[in-house]
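Spelled out from the first residue to the last, the chains are:
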Amino acid sequence: MQKPYKHILFSDLDGTIVHFQREVAQFTKIQPLPSSGSVNNTQQVQPDVTYTDLPSNEQRLCYTLPSSTAGPAYISAETHRLVQELRKCGVLFVIVTAGRKSTLLSRVPMLPFADVYVGETGGRVLLNTKSQLLFPTGAPVEAFEAPEEQSLALDADWGSKFVDVTGSLENASPPEERVGALWDVYRELQEAGFNPDGRSYWGCFRVDLEKSVHPGPKAQELMQEIIAKLPSSITTASNLGKIDFYPAVSGKGGVAEYLLEKFGLRKADSFAIFDDDNDLPMAAAVGQGYVVRAHTKSVEDAIKGNPHWKVATQKGVLASEEMLKALLQSLQSDAEVTKA
């Protein structure tokens, strides 16, 4: 039986299709809509702000994502529409974020309808049972209604690949009491004067060096000593000024490779849209990269080494849309050639 999908798109969130106010403040004007926070008769969350790109004066209706330590963030209704158009072309849409489980779930109603939601730096894979591309009983591809938490099924096969490192992803025990190499490192960092963040994390945890008891240079030095001695089963990645610790077989690159195999797709059938250093392993795992912004040397160097990647010329939500449109147009062009 032929699969209803032909391609897969892995999408980072923050800085890629979701943009923090602090990131876009210098070139945008954001105003609340009179009906902010309203829902329609299907209980679907509605856009709540108008986002104006000042250089072009283009406007977009946007959703505001729940406040976090980084402040409010926005995603455009046009980004939602473009993702749905891609899914109509047989593209599985996979959200991949370093965020904790609770943050990911709180954002789902404001995010584009995804076939798979991945959190915790690749550690938690949630299959959307409402996706007709994955499940015959799911909603039609044309429909958009955010899935409830109970509709997101944990991919136990993925978790089993590193259960000896993290323990069960459904363990109710606090991080301090969990069994596994990852949590041994967590306790080591606590004893060394760091303040590891394990709240609503099971497949990874995060450390903010600014919250350690050590002054800046000392914290960096001590952290590098600890990282150098990590067991081979654990690795790290930097994300938004913080350090994530997770199983070496996991991460954004590992989960992309796993899902390609799971869904029977080739590297050539896969794409990634991204912006940051910790996305580069995911970009390396796919056939084509779409870079929303290059704001670090690592990403700039990767672009030079991959001249086939597409790089946005715009900023903020317009850059997200530019890259999604580029992929959509490429697929539509290929489809026309095939028909001919």
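Below or above, wherever it landed, is the structure these notes cover. Worth saying up front: this structure is predicted, and the values here are computed from it rather than measured.

**Some points on helix H7 (residues 216-228)**
- For H7, with 13 residues, the first-to-last C-alpha span of 19 Å sits near the 18 Å given by 1.5 Å per residue.
- In this structure, the buried residues of H7 make contact with helix H6 (181-191), strand E11 (205-207) and strand E13 (242-247).

**With respect to the pairing of strand E4 (residues 49-53)**
- With five of its five residues buried, E4 lies for the most part within the structure.
- Going residue by residue along E4, you find Val 49, Tyr 51 and Asp 53 tucked away on one face and Thr 50 and Thr 52 tucked away on the opposite face as well.
- In this structure, strand E3 (residues 28-32) lies alongside E4, joined through five bridges in antiparallel fashion. Within E4, the position partnered with Thr 28 by the bridge is Asp 53.
- The sheet contact formed by E4 and strand E5 (residues 58-65) spans five bridges and is antiparallel. Bridging across to E5, Val 49 finds its partner in Cys 62.
- Connecting E4 to the antiparallel partner E5 that follows it, the hairpin turn spans four residues, and Asn 57 within it adopts a positive phi of roughly 65°.

**Quick look at the pattern of salt bridges**
- By the definition in use, this model includes 17 salt bridges.
- We note a salt bridge from Glu 78 to Arg 81, for which the minimum N-O separation is 2.8 Å. In this pair, Glu 78 and Arg 81 are both assigned in helix H2 (residues 77-88), three residues apart and thus about one turn of the helix distant.
- Its relative accessible area of 40% is what places Arg 81 among the partly exposed residues.
- The structure contains a network of salt bridges with shared partners spanning Asp 12, Lys 252 and Asp 279.

**Looking at the nonpolar core**
- Among the nonpolar cores identified, the biggest contains 52 residues, and Phe 10, Phe 245 and Leu 259 are the most heavily contacted of them.
- Those residues within four positions of Phe 245 in sequence are excluded, and the remaining contacts are Leu 182, Val 185, Leu 189, Cys 204, Phe 205, Val 207, Met 223, Ile 227, Leu 230, Thr 235 and Thr 236.

**Quick word on the packing of aromatic side chains**
- Counted according to the given criterion, the structure contains eight aromatic pairs.
- The interplanar angle of 80° and the centroid separation of 5.3 Å between the aromatic rings of Phe 274 and Trp 309 together place this pair among those described as edge-to-face. Here Trp 309 lies in the loop between helix H10 (297-305) and strand E16 (310-311) and Phe 274 lies in strand E14 (residues 270-274), a separation of 35 residues in the sequence.
- A relative accessible area of 0% places Phe 274 in the buried class.
- On the basis of relative accessible area, Trp 309 is assigned to the buried category, the value being 9%.
- Each residue in the set Trp 183, Tyr 186, Phe 205 and Phe 245 is aromatic and connected to the rest through ring pairs, giving one cluster.
- We note Lys 101 situated over the ring of Trp 202; from NZ or CZ to the ring centre the distance is 5.5 Å.
- Taking the ring centre of Trp 183 as reference, the NZ or CZ of Arg 178 above it sits at 4.7 Å.

The rules behind these values
- Residues numbered from 1 in each chain as written.
- Predicted model: local features only at pLDDT ≥ 70, side-chain atom pairs only at ≥ 80, totals over all residues.
- Heavy atoms only, no water.
- Helix = DSSP H or I, 4+ residues; strand = E, 2+ residues; numbered from the N terminus.
- Expected span 1.5 Å × (residues − 1).
- Contact = heavy atoms within 4.5 Å.
- Buried < 20%, exposed > 50% of the residue type's maximum accessible area, 1.4 Å probe, protein only.
- Pairing = 2+ DSSP bridges.
- Salt bridge = Lys/Arg side-chain N within 4 Å of Asp/Glu carboxyl O.
- Core = buried A, V, L, I, M, F, W, Y, C linked by side-chain atoms within 4.5 Å.
- Phe/Tyr/Trp six-rings, centres within 6.5 Å; stacked < 30°, edge-to-face > 60°.
- Lys NZ or Arg CZ within 6 Å of the ring centre and 35° of its normal.

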